[in-house]
Amino acid sequence: MKRLLLAATAALAMSGVAAQDFPGSKPVTFVVPFAAGGPTDKVARDLAEAMRKPLGGNIIVENVAGAGGTLGGTRVAKANPDGYTLLLWHIGISTSPALYRNLQFKPLEDFEYLGLINEVPMTLLGRPNLPPNNYAELVKWINENKGKVNLANAGLGAASHLCGLLFMSQLKADMTTVPYKGTGPAMTDLIGGQVDIMCDQTTNTTPQIAAGKVKAYAVTSLQRLNTPELRNLPTLDESGLKGFNVSIWHGLYAPKGTPKPVLDKLNAALKEALKDPEFIKRQAALGAVVVTDNRVNPAEHKKFVESEINKWGPVIKAAGQYAD
């Protein structure tokens with residue numbers, strides 16, 4: 001009832017105000033559900049800069065970290081639906097329903113979808129002294145060492161954790177997962193030979209691959225990547241794991257009930273920002289690809305997230321590893 005009243009109040013407030021008057025002098029806030037300085041925070045600040053001009057107003061970034069991003073998600077789900085409080089979140093919005101059994105919001109019901117922003121592919125890595133020299137040899141080595149292989153990740157619910165779970169599931173391999181408190185310590189132990197393999201974002205792995213500090217076996221995108229350090233790596237899809245496709249994507253969301261004229265203006269500003277050459281350049285520097293397909297539209301964005309929820313839910317539940 002409270003949400004309906006808020007939505008009705010917001011709609012009445014906007015009824016006498018033309019869409020072009022939004023946001024006016026009041027700043028729009030991007031809530032980032034992680035600490036400042038991380039990859040998602042960087043995406044948010046770059047997007048805020050690119051969206052200011054087409055939106056015609058100021059945009060600020062607020063970091064609401066905790067509980068794997070769900071604190072920030074809850075904050076926006078319960079915010080006043082007037083368009084001034086938005087959520088910028090990554091793949092976690094689609095994995096949180098399975099990872100958190102007492103989640104305080106429903107991703108498909110409690111948000112208005114504004115559009116997908118970018119995607120970051122991942123790489124499958126091994127310690128520098130791992131015997132296999134290519135992916136085929138890696139699979140053989142894993143099968144010959146059943147129950148002895150260690151698979152590192154950056155913590156429950158992290159991108160590396162999800163990628164590792166899907167890899168084990170599709171390969172039907174028995175490995176010991178080793179969770180760390182972040183990518184940094186996990187990568188340090190991989191380089192040092194304390195763990196065997198890891199799957200992580202190109203933003204984190206490309207420098208280590210270029211420096212020869214790890215062995216790289218494959219990328220998780222459906223197409224090969226064009227960057228010099230990664231262009232010779234096969235995809236897991238072409239290597240036998242058909243349909244394997246894991247990327248860390250970011251999207252923009254508003255509270256449910258936000259008036260349509262406001263949503264339309266926010267979506268239009270987002271689309272303009274995604275065409276901004278400086279924004280594209282900054283994302284490329286992070287190893288990210290700006291989305292240009294129909295997922296920049298709200299309906300297709302929501303369909304995509306729903307498909308991701310359906311994809312990750314069974315994998316997480318089968319592993320029985322929860323973050324709450």
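So, here's what we can say about the structure. If you're wondering where the values come from, they're calculated on a predicted model, not measured in any experiment. (Residues numbered from 1 in each chain as written. Predicted model: local features only at pLDDT ≥ 70, side-chain atom pairs only at ≥ 80, totals over all residues. Heavy atoms only, no water.)

## Topic: the packing of helix α2 (residues 39–55) against helix α9 (residues 260–274)
Viewed as axis vectors pointing N to C, α2 and α9 meet at an angle of 120°, and their least axial separation amounts to 8 Å. Our classification of the angle between α2 and α9 gives oblique. Seen from above, α2 lies across α9 with right-handed handedness. Residues Leu47, Ala50, Met51, Pro54 and Leu55 of α2 lie in contact with α9, whose contacting residues are Lys265, Leu266, Ala269, Leu270, Glu272, Ala273 and Leu274. Within the contact of α2 with α9, the residues separate by chemical class into 10 nonpolar, no polar and two charged. (Axes fitted to C-alpha atoms, helices over the stretch in contact; angles between N-to-C directions. Helix = DSSP H or I, 4+ residues; strand = E, 2+ residues; numbered from the N terminus. Parallel < 35°, antiparallel > 145°, perpendicular 65-115°, else oblique. Left-handed = near helix turned anticlockwise from the far one by under 90°. Contact = heavy atoms within 4.5 Å. Nonpolar A, V, L, I, M, F, W, Y, C, P; charged D, E, K, R; others polar.)

## Concerning the side chain of Ser221
Residue position: Ser221 is located in the loop between β8 (215–219) and β9 (247–255). Its relative accessible area of 11% is what places Ser221 among the buried residues. At a separation of 2.6 Å, a polar atom in the side chain of Ser221 contacts the main-chain carbonyl oxygen of Gln223. (Buried < 20%, exposed > 50% of the residue type's maximum accessible area, 1.4 Å probe, protein only. Polar contact = N/O pair within 3.5 Å; in protein donor to acceptor, adjacent residues only side chain to side chain.)

## Looking at unusual backbone geometry
Residues Phe22 and Pro23 are joined by a peptide bond in cis, for which omega reads 5°. Counting through the fold element by element, Pro23 comes out in the loop between α1 (2–15) and β1 (28–32). In this model, Ala67 sits at a positive phi of 55°, which is unusual for a non-glycine residue. By the element assignment, Ala67 lies in the loop between β2 (59–63) and α3 (70–77). Overall, Ala67 belongs to the partly exposed group, its relative accessible area being 38%. Phi at Lys172 is positive, roughly 55°, even though this residue is not glycine. Considering the arrangement of structural elements, one finds Lys172 in the loop between α6 (159–171) and β6 (176–179).

## Observations regarding empty space enclosed by the protein
For the structure on display, the rule yields one cavity of 30 Å³ or more. Here the largest cavity is characterised by a volume of approximately 30 Å³. Lining the largest cavity, in full, are Leu151, Ala152, Asn153, Ser160, His161, Gly164, Leu165, Met168 and Thr177. Listing elements by their share of the lining of the largest cavity, those giving two or more residues are β5 (150–153) and α6. (1 Å grid on protein atoms, 1.4 Å probe; cavity = no way out; pocket = protein on both sides within 12 Å on 5 of 7 lines; lining within 4 Å. Points joined across faces, edges and corners; volume = space filled by probe spheres on them.)

## Considering the side chain of Gln283
As for its placement among the helices and strands, Gln283 is situated in helix α10 (residues 277–285). Residues contacting Gln283, with those up to four places away along its chain left out, are Val43, Asp46, Asn118, Ala288 and Val290.

## What to know about the packing of aromatic side chains
According to the stated counting rule, one finds six aromatic pairs in the structure shown. Geometrically, the ring pair formed by Trp89 and Phe105 is edge-to-face, given 6.1 Å between the ring centres and 65° between the ring planes. Note that Trp89 is positioned in strand β3 (residues 85–89) and Phe105 in the loop between α4 (92–99) and β4 (111–126), a separation of 16 residues in sequence. Across the pair, exposure class does not vary: Trp89 and Phe105 are buried alike. Ring geometry for Trp249 against Phe304: centres 5.1 Å apart, planes inclined by 70°, an arrangement best described as edge-to-face. Taken together, the residues span a long stretch of sequence, with Trp249 in strand β9 and Phe304 in helix α11 (residues 298–319) at a distance of 55 residues. In terms of burial, Trp249 and Phe304 fall into one category: buried. The ring of Phe304 carries the charged tip of Arg295 above its face, separated from the ring centre by 4.8 Å. (Phe/Tyr/Trp six-rings, centres within 6.5 Å; stacked < 30°, edge-to-face > 60°. Lys NZ or Arg CZ within 6 Å of the ring centre and 35° of its normal.)

## Side note on the state of the cysteines
A covalent bond between the sulfur atoms of two cysteines is what we call a disulfide. Applying the stated criterion to the full structure yields one disulfide. Covalent S-S linkage joins Cys163 and Cys199, the inter-sulfur distance amounting to 1.9 Å. Of note, the bridge from Cys163 to Cys199 carries an S-S torsion of about 60° and is right-handed in sense. Taken together, the residues Cys163 in helix α6 and Cys199 in strand β7 (residues 197–201) connect sequence positions 36 residues apart. The same class applies to Cys163 and to Cys199, which are both buried. (Disulfide = S-S within 2.5 Å.)

## So, α4
The element α4 is largely enclosed, with a buried count of seven among its eight residues. Listing the buried residues of α4 in full gives Gly92, Ile93, Ser94, Thr95, Ser96, Ala98 and Leu99. Residues of α4 that are buried in the fold lie against α3, β3, β4, α6, β9 and α11.

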